[in-house]
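What follows is the residue order along each chain.
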Amino acid sequence: MQTLINFCYLIAAVLFIYGIKGMTLPKTAVRGNQLSALGMLIAVVAALADHNVISYGYIALGLAIGATIGVVMAKRVQMTEMPEMVAALNGFGGGASLMVAAASYLEAQKLENLVNFVPSLDWSVALIFGILTGAVTLTGSFVAVGKLMGKVGDAKQVKLYKAIVKLGFAILLAGSIYLVYGNPLHAELLLLALIVVCLILGVCLVMPIGGADMPVVVSLLNSYSGLAGSAAGFVLANNGLIITGSLVGASGLILTSIMCKAMNRSLVNVLFGGSMAAQAGVSKSENDAFYEGKVKVSSADEVAMLLDSASRVVFVPGYGLAVAQAQHATRELASMLQKKGAVVKYAIHPVAGRMPGHMNVLLAEAEVPYDQLVEMDTINPEFPQTDVAIVLGANDVVNPAASKDPASPIYGMPILDVHNSKTVVVVKRGLSPGFAGIPNELFIRDNSLMVNGDAKKVLQDIIAAMKDL
Ligand code: NAP
């Protein structure tokens, strides 16, 4: 039986690896997701059968309840609410690992008849680590959900949170040593107190981080939930959990590092630097002074005429496209241009929007063909041959200051070189800065035109104007 169970874990691990590989390309992402789900089903059944204490009836019931909740949640959630759902699922994962670790301690202590209970060092380290990462993931993820929903604001007392975190870690260290080596009389109460400390740590670690940095935090918490699962695997001596947890932990860390690199920010700056706009942002008057009298304002009619004669057009989507929900209008305009014989592409910056893959998800919803989505490094050399680049609610990811101005907070962040196009049309509601809170020289360049308005409305006006040509 044990050989069969270990074989199932191996199959599940292989499916997870192929699943993650599939998710690296939009074209294979759905298949990757299905492979991972199959792997998870095999791993769950094998893990429950492993202990031989749970009846198959309960396993089936648990699977049915869990699967029903999952399907209902996935069907109901809007595309734009995906980051919140991912964060909540991370939190549940962390909570599950926390409970497994705590229950394992109580069970082991009971078996050893309380008095002689002296756990080994490696088991104890896995236990405390599992409790810490599980609890931090649980509460940290739900603070992140609150921030993503706009219900929890950016914390003002950053120093207070940092002090609580330091105190919490000190209490955890002392309490853990006493729990493991002190043979305390009321071990259950001490364990409960340590769990509460870890839950508070999760809140205090995430509260001071700016709301706009939540995608990085969610990705990091995703990695923590994997590490918590892996630690629970060591506590239970369960190979399946160790493998799965390590895969999630490693892939979450890699994604976090990719996001930080694409923003040219260190993880330490994201986690402990406070909100980026608050650190770097310019005042409204400074922002207005930067643009005063220098922006060439255009109209939907003028852009329609420009597009009518363009043979190469690149759409550059950003966060504003998501706010405006303009993906379908973008696709409609693109199809019109293609019918007229123009070559149309979409330039995708790795951190455009507010979550990894945000633009891919939005454009996939509008059924934009995958082969028209072109990544930054591939599209950048093509901008000099592009007749019109249409920037739709993107700002920081097209700001030339990132490559030219060493004093800029985004200096070093790779950008889409739209300024090299023959004409750039910028569509945004006004002159507000983007996430980084700084002005953008692109908007006042000689080859730039700006159409003010909500991206969806402006696109609809351009479509209407093109029909009238
Ligand atoms: P951005 O720099 O945040 O700029 C978005 C622009 O959209 C704003 O300037 C805004 O200007 C405009 N806008 C808002 N609503 C609009 C609407 N309804 N119609 C038209 N325009 C609208 O966006 P980005 O260029 O996509 O850059 C993303 C930023 O987020 C980067 O700094 C990145 O580092 C950061 N970030 C990304 C992630 C991620 O995972 N993707 C995670 C954390 C941080 P108006 O108000 O004037 O319209």
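See above for the structure.
The structure contained in this document is the topic of the report that follows. (Residues numbered from 1 in each chain as written. Predicted model: local features only at pLDDT ≥ 70, side-chain atom pairs only at ≥ 80, totals over all residues. Heavy atoms only, no water.)

## Considering helix H19 (residues 455–468)
Part 1 of the argument: Look at H19: 20 Å from first C-alpha to last across 14 residues, which is about the 20 Å you get at 1.5 Å a residue.
Part 2 of the argument: For H19, the set of buried residues is Ala455, Val458, Leu459, Ile462, Ile463, Ala465 and Met466. Viewed along the axis of H19, the buried residues span an arc of 165 degrees, placing them on a single side of the element. Pointing more than 90 degrees away from the buried face of H19 are the exposed residues Lys467 and Asp468.
Part 3 of the argument: The elements touched by buried residues of H19 are helix H13 (300–308), helix H14 (319–324), helix H15 (327–339), strand S4 (388–392), strand S5 (423–428) and strand S6 (448–452). (Helix = DSSP H or I, 4+ residues; strand = E, 2+ residues; numbered from the N terminus. Expected span 1.5 Å × (residues − 1). Buried < 20%, exposed > 50% of the residue type's maximum accessible area, 1.4 Å probe, protein only. Arc of directions from axis to C-beta. Contact = heavy atoms within 4.5 Å.)

## Quick notes on the packing of helix H5 (residues 121–148) against helix H8 (residues 214–236)
Part 1 of the argument: The contact between H5 and H8 brings their axes to 8 Å, and the two run at 155 degrees. As summarised for this structure, H5 and H8 are arranged roughly antiparallel, according to the angle between their axes. As for how H5 packs across H8, the hand of that crossing is left-handed.
Part 2 of the argument: When the residues that make up the contact of H5 with H8 are grouped by side-chain class, the tally is 16 nonpolar, seven polar and one charged. (Axes fitted to C-alpha atoms, helices over the stretch in contact; angles between N-to-C directions. Parallel < 35°, antiparallel > 145°, perpendicular 65-115°, else oblique. Left-handed = near helix turned anticlockwise from the far one by under 90°. Nonpolar A, V, L, I, M, F, W, Y, C, P; charged D, E, K, R; others polar.)

## Some points on the site of the ligand
Part 1 of the argument: Within the structure, the ligand sits among 31 residues, and Arg354, Asn395, Asp396, Arg429 and Asp454 are positioned closest to it.
Part 2 of the argument: The backbone of Gly320 places a nitrogen or oxygen atom 3.5 Å from an oxygen atom of the ligand.
Part 3 of the argument: Here an oxygen atom of the ligand sits 3.0 Å away from a polar atom, N or O, in the side chain of Lys428.
Part 4 of the argument: Sorting elements by how many residues they give to the shell around the ligand places H14 first, with four residues. (Near = heavy atom within 4 Å. Polar contact = N/O pair within 3.5 Å; in protein donor to acceptor, adjacent residues only side chain to side chain.)

## As for the pairing of S5
Part 1 of the argument: Counting buried positions over the six residues of S5 gives six, a clear majority of the element.
Part 2 of the argument: Both faces of S5 are covered, namely the face carrying Thr423, Val425 and Val427 and the face carrying Val424, Val426 and Lys428.
Part 3 of the argument: Judged from the five bridges that link them, S4 and S5 form a sheet pairing that is parallel. Looking across to S5, one finds that Leu392 is bridged to Val427.
Part 4 of the argument: With five bridges connecting them, S5 and S6 associate as parallel partners. Bridge pairing links Val425 to Leu449 in S6. (Pairing = 2+ DSSP bridges.)

## As for the pairing of S4
Part 1 of the argument: With respect to burial, S4 is a largely interior element, five of its five residues being buried.
Part 2 of the argument: The two faces of S4 match: Val388, Ile390 and Leu392 on one face and Ala389 and Val391 on the other face are all buried.
Part 3 of the argument: As paired strands, strand S1 (residues 312–317) and S4 are joined by five bridges and run parallel to one another. Looking at S4, one finds that Phe315 is bridged to Ile390.

## Description of the packing of aromatic side chains
Part 1 of the argument: This model, assessed by the stated rule, comprises four aromatic pairs.
Part 2 of the argument: Ring geometry for Phe290 and Tyr291: centres 5.1 Å apart, planes at 85 degrees, overall edge-to-face.
Part 3 of the argument: What makes Phe290 partly exposed here is its relative accessible area of 27%.
Part 4 of the argument: Judged by centre distance (5.6 Å) and plane angle (25 degrees), the ring pair of Phe315 and Tyr346 falls under stacked. Here Phe315, found in strand S1, pairs with Tyr346, found in strand S2 (residues 343–348); they are 31 residues apart in sequence, far enough to count as distant. Across the pair, exposure class does not vary: Phe315 and Tyr346 are buried alike.
Part 5 of the argument: Positioned above the aromatic ring of Phe290, the side-chain terminus of Lys294 is 5.8 Å from the ring centre. (Phe/Tyr/Trp six-rings, centres within 6.5 Å; stacked < 30°, edge-to-face > 60°. Lys NZ or Arg CZ within 6 Å of the ring centre and 35° of its normal.)

## Some thoughts on the nonpolar core
Side chains that are nonpolar tend, in soluble globular proteins, to be buried together.
Part 1 of the argument: Counting 67 residues, the largest nonpolar core has Leu307, Phe315, Leu333, Leu337, Ile390, Val391 and Ile462 as the members making the most contacts within it.
Part 2 of the argument: Once residues within four sequence positions are removed from consideration, Phe315 is found in contact with Thr330, Leu333, Ala334, Leu337, Val344, Lys345, Tyr346, Ala347, Ile390 and Leu392.
Part 3 of the argument: Residues Ala88, Ala101, Leu132 and Leu172 belong to the second largest nonpolar core, which totals 41 residues. (Core = buried A, V, L, I, M, F, W, Y, C linked by side-chain atoms within 4.5 Å.)

## Concerning the pattern of salt bridges
Part 1 of the argument: Under the defined criterion, the tally for this structure stands at six salt bridges.
Part 2 of the argument: In this structure, Lys284 and Asp288 form a salt bridge, with 2.8 Å as the shortest nitrogen-oxygen distance. On the criterion of helical spacing, the pair formed by Lys284 and Asp288 is a turn pair, its members being four residues apart in helix H12 (residues 284–291).
Part 3 of the argument: Under the relative-accessibility criterion, Asp288 is labelled partly exposed at 33%. (Salt bridge = Lys/Arg side-chain N within 4 Å of Asp/Glu carboxyl O.)

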